[in-house]
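Observations on the three-dimensional arrangement
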Amino acid sequence: MASEQSQTLYERAAFAVDAIKKAIPHPLNTPKIAIVCGSGLGGLAQTIEPEPKAEIPYASVPGFPVSTVQGHDGKLVFGLLGKSLTPVVLLVGRAHFYEGHEMPVVTFATRVCKLLGIETMIVTNAAGGLNPVYSVGDIVAINDHINLMGLAGVNPLRGPNEEQFGVRFPPLSDAYDLALRRGAHDAWRKLGIKRPLHEGVYSFAAGPTYETRAECRMLRTLGGDLVGMSTVPEVIVARHSGMRVLAFSLVTNKCLLDPPITGDNVLLQNLSESELDAFMTRGGANHAEVLEAGRQAASTMQVR
């Protein structure tokens, strides 16, 4: 067998699919829908029917990256979901660029999904809300994105084109499937969900730092409604591979858009250093709060 370095992405993905199909019994290993569970949203795996059901850790799949981020378990879950008992595979956790992975590694699971026969990917994430209309716990169907890293040259399709997956120059103006978004809104109304379902533009930043106030204002000025550290590379590769995409963000924190207060402001003159620190950090995001917000609102994201 050729070394991993000499294999194409297609060959490595095909090798991983072969291992998955050997580990997961037929017909569970032939779903048409994949769902990527973002930070705090892994609880969707608990809604899979108890039988038949099969799990495989990412570490058991050749070439699969193992996430190092809290809230990302790192496993494939195959089973039946919802009243219609739809065959699905859940990707509980994902790899991120900020963990040190290169883009072909970050998006390897998406390539594998394509060769598994997946036709539709539902991608979820936790994101900061740039749009002041959004509240923590709101859910947003993504209808477009701003790929800051892609504009700077960091794109998962950079390098020789993998012709077995798709064309050299895929369009992205139709990245977020309109029929699927319409269906999501219809289902939302029929289920009578009280939380609003917004639509908005997702801004992809590399992380792992949360954005500064100035960066948040810039992204908002550019048309961003959300900002996060995932999803866009997966969407690009999914569309390159001809899969349909539906994506949701769970707003886990409101981004700080106001400029920082200046050091000569009279309001600050009698504050201690600890009070100054509290003044500056008030409303800032941290990962523990992101996970907690995800847990509290995750049930709304789950198929009923």
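See the structure printed just above.
Here we summarise the structure given alongside this text. Here the structure is a predicted model, which means the values were calculated and not measured.

1. Looking at the overall build of the chain
Each helix and strand counted, the chain has 9 helices and 9 strands in total. In the chain, which comprises 304 residues, the share counted as buried stands at 49%. Here the analysis covers contacts within the chain between residues at least 6 apart in sequence; of these, 81% occur between residues at least 24 apart. As displayed, the chain has an accessible area near 14,600 Å², and 55% of this comes from carbon and sulfur atoms.

2. Description of the packing of aromatic side chains
Applying the stated criterion across every chain, the model contains 3 aromatic pairs. A ring pair is formed by Tyr 58 and Phe 64, whose centres lie 5.0 Å apart and whose planes are at 55°; its orientation type is tilted. Since its relative accessible area comes to 3%, Tyr 58 is described here as buried. Exposure remark for Phe 64: the relative accessible area of 9% places this residue in the buried category. A connected cluster of aromatic rings, assembled from ring pairs, spans Tyr 58, Phe 64 and Phe 108. One Lys or Arg, Arg 111, reaches over the ring of Phe 165 and ends 4.6 Å from the middle of that ring.

3. A few points about the pattern of salt bridges
Scanning the entire structure with this criterion turns up 8 salt bridges. Glu 199 is the salt-bridge partner of Arg 181, the closest N and O atoms lying 2.8 Å from each other. You can see Arg 181 sitting in helix H5 (residues 178-191) and its partner Glu 199 sitting in strand E7 (residues 197-204), a full 18 residues away along the chain. The exposure class of Arg 181 is buried, given its relative accessible area of 12%. Accessibility expressed as a relative area gives 29% for Glu 199, which makes it partly exposed. For Arg 189, the salt bridge is made with Asp 186, and the minimal N-O distance between the two is 2.4 Å. Pair noted here: Arg 189 and Asp 186 are both in helix H5, with a separation of 3 residues, about one helical turn. Exposure remark for Arg 189: the relative accessible area of 59% places this residue in the exposed category.

4. Considerations on the nonpolar core
One finds Leu 76, Phe 78, Val 112 and Met 121 to be the most contacted residues of the largest nonpolar core, which totals 49 residues. Counting 22 residues, the second largest nonpolar core, distinct from the first, contains Leu 44, Ala 45, Leu 90 and Phe 248.

5. Describing helix H7 (residues 232-240)
The element H7 is largely enclosed, with a buried count of 9 among its 9 residues. For H7, the complete set of buried residues consists of Val 232, Pro 233, Glu 234, Val 235, Ile 236, Val 237, Ala 238, Arg 239 and His 240. Downstream of H7 by one or two residues, Gly 242 has phi in the positive range, about 85°.

6. Describing the packing of helix H1 (residues 9-23) against helix H3 (residues 108-116)
The geometry of H1 relative to H3 is characterised by a closest axis approach of 9 Å and an angle of 65° between their N-to-C directions. By the criterion of interaxial angle, the relationship of H1 to H3 is roughly perpendicular. Crossing handedness for the pair H1 and H3: right-handed. For the pair H1 and H3, the contacting residues are Leu 9, Tyr 10, Arg 12, Ala 13, Ala 14, Ala 16, Val 17, Ile 20 and Lys 21 in the first and Phe 108, Arg 111, Val 112, Leu 115 and Leu 116 in the second.

7. Examining unusual backbone geometry
The linkage connecting Glu 51 with the following residue, Pro 52, adopts the cis geometry, with an omega of -10°. Note the cis peptide between Gly 207 and Pro 208, where omega equals 5°. Its identity is not glycine, yet Leu 85 carries a phi of approximately 50°, on the positive side. You will see that Thr 231, though not glycine, has its phi angle at about 75°, which is positive.

8. Here we look at the pairing of strand E2 (residues 53-57)
The alternating pattern of E2 places Ala 54 and Ile 56 on a buried face, while none of Lys 53, Glu 55 and Pro 57, on the opposite face, is buried. With 5 bridges joining them, E2 and strand E3 (residues 75-81) adopt antiparallel strand pairing. Residue pairing in the sheet places Ala 54 in a bridge with Phe 78 of E3.

9. Remarks on the side chain of Asn 131
Note on placement: Asn 131 falls in the loop between strand E5 (120-129) and strand E6 (139-147). A distance of 3.0 Å separates a polar atom in the side chain of Asn 131 from the backbone nitrogen of Val 133. Among residues more than four places away in sequence, those in contact with Asn 131 are Arg 220, Asp 225 and Lys 254.

Cut-offs applied
Residues numbered from 1 in each chain as written. Predicted model: local features only at pLDDT ≥ 70, side-chain atom pairs only at ≥ 80, totals over all residues. Heavy atoms only, no water. Helix = DSSP H or I, 4+ residues; strand = E, 2+ residues; numbered from the N terminus. Buried < 20%, exposed > 50% of the residue type's maximum accessible area, 1.4 Å probe, protein only. Contact = heavy atoms within 4.5 Å. Areas by Shrake-Rupley, 256 points an atom, 1.4 Å probe, with all protein chains shown as cover. Phe/Tyr/Trp six-rings, centres within 6.5 Å; stacked < 30°, edge-to-face > 60°. Lys NZ or Arg CZ within 6 Å of the ring centre and 35° of its normal. Salt bridge = Lys/Arg side-chain N within 4 Å of Asp/Glu carboxyl O. Core = buried A, V, L, I, M, F, W, Y, C linked by side-chain atoms within 4.5 Å. Axes fitted to C-alpha atoms, helices over the stretch in contact; angles between N-to-C directions. Parallel < 35°, antiparallel > 145°, perpendicular 65-115°, else oblique. Left-handed = near helix turned anticlockwise from the far one by under 90°. Pairing = 2+ DSSP bridges. Polar contact = N/O pair within 3.5 Å; in protein donor to acceptor, adjacent residues only side chain to side chain.

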